Amino acid sequence: MAMFDRIKDQAKSLQQQAQGARSSGGHGHGRPGSGSSGGSKAQLVNTLKSQLTSLKTELKSGAYRDASMAMCALVAAADGHVDPAERQHVESLILNNDVLQNFPSEQLRQRFNKHVDQLAFNFQQGKTEAMQEIAKAAKKPTEARAVVQTGFVVAGADGYVAPAEEQVLREACSVLGLSPQEFGL
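We now turn to the structure provided with this report. As the structure is a computational prediction, the values presented were derived from the model and not from experiment.

Parameters at a glance
- Residues numbered from 1 in each chain as written.
- Predicted model: local features only at pLDDT ≥ 70, side-chain atom pairs only at ≥ 80, totals over all residues.
- Heavy atoms only, no water.
- Salt bridge = Lys/Arg side-chain N within 4 Å of Asp/Glu carboxyl O.
- Helix = DSSP H or I, 4+ residues; strand = E, 2+ residues; numbered from the N terminus.
- Buried < 20%, exposed > 50% of the residue type's maximum accessible area, 1.4 Å probe, protein only.
- Axes fitted to C-alpha atoms, helices over the stretch in contact; angles between N-to-C directions.
- Left-handed = near helix turned anticlockwise from the far one by under 90°.
- Contact = heavy atoms within 4.5 Å.
- Nonpolar A, V, L, I, M, F, W, Y, C, P; charged D, E, K, R; others polar.

## Here's the deal with the pattern of salt bridges
Side-chain pairing between opposite charges can occur once the charged atoms of the two side chains come close. Tallied over the entire structure, the rule returns eleven salt bridges. For D98, the salt bridge is made with K56, and the minimal N-O distance between the two is 3.2 Å. A residue pair is termed long-range when its members are at least 10 positions apart, and D98 in the loop between helix 4 (84-95) and helix 5 (105-121) and K56 in the loop between helix 2 (38-54) and helix 3 (62-76) qualify at 42 residues. Classification of D98 by relative accessible area gives partly exposed; the value is 33%. You can call K56 partly exposed: its relative accessible area is 24%. The salt bridge involving E133 is made with K136; its shortest N-O contact spans 3.5 Å. Judged by its relative accessible area of 14%, E133 is buried. By relative accessible area, which is 46% here, K136 ends up partly exposed. Residues joined in a network through salt bridges with shared partners are R65, D66 and R111.

Okay, structure coming up:
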């Protein structure tokens, strides 16, 4: 557990450095709540969670299920390696997610782990395959947004979205034809 805390601390200091660099960049993108306050991210995660819940009846397609499992795997492996504790943590978030309870837990677990295994084996190839899976949800804007929202909710479950997680969420927005700004990215 100590190693996990150390990694979290390193990630926090990296995020603070990144925020420092971002705020001194002087590119007048003064979106309220972006950057320094962790509270706004937590608020955003809660908003996205309730938006997802309100769409629960619409989010029953195989495309949403598969794309959101690929998204969750990318979030879990965003930093390039998959820690077994993190895999388990994300898996439990998936199985306890209100909207994802539309699907049998075995289907979710199988798809999530398939992507995580591919990412662990060959990150670049696994990422390409996960993004292809995510792109399949682009046909329906509601599902496309829900995929990013699901990824964001999982990424922000610990009250903090790491820069590497933000990056894969931005890339997912790109393959889905969505604006990252919509999610404060």
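The discussion continues.
## Looking at the packing of helix 3 against helix 4
At a minimum axis separation of 10 Å, helix 3 and helix 4 run at an interaxial angle of 150 degrees. Like other packed secondary-structure pairs, helix 3 and helix 4 cross with a definite hand, here right-handed. Taken together, the residues of helix 4 that come into contact with helix 3 (itself represented by M69, C72, V75 and A76) are E86, V90 and I94. In terms of residue class, the contact of helix 3 with helix 4 is made up of six nonpolar, no polar and one charged.

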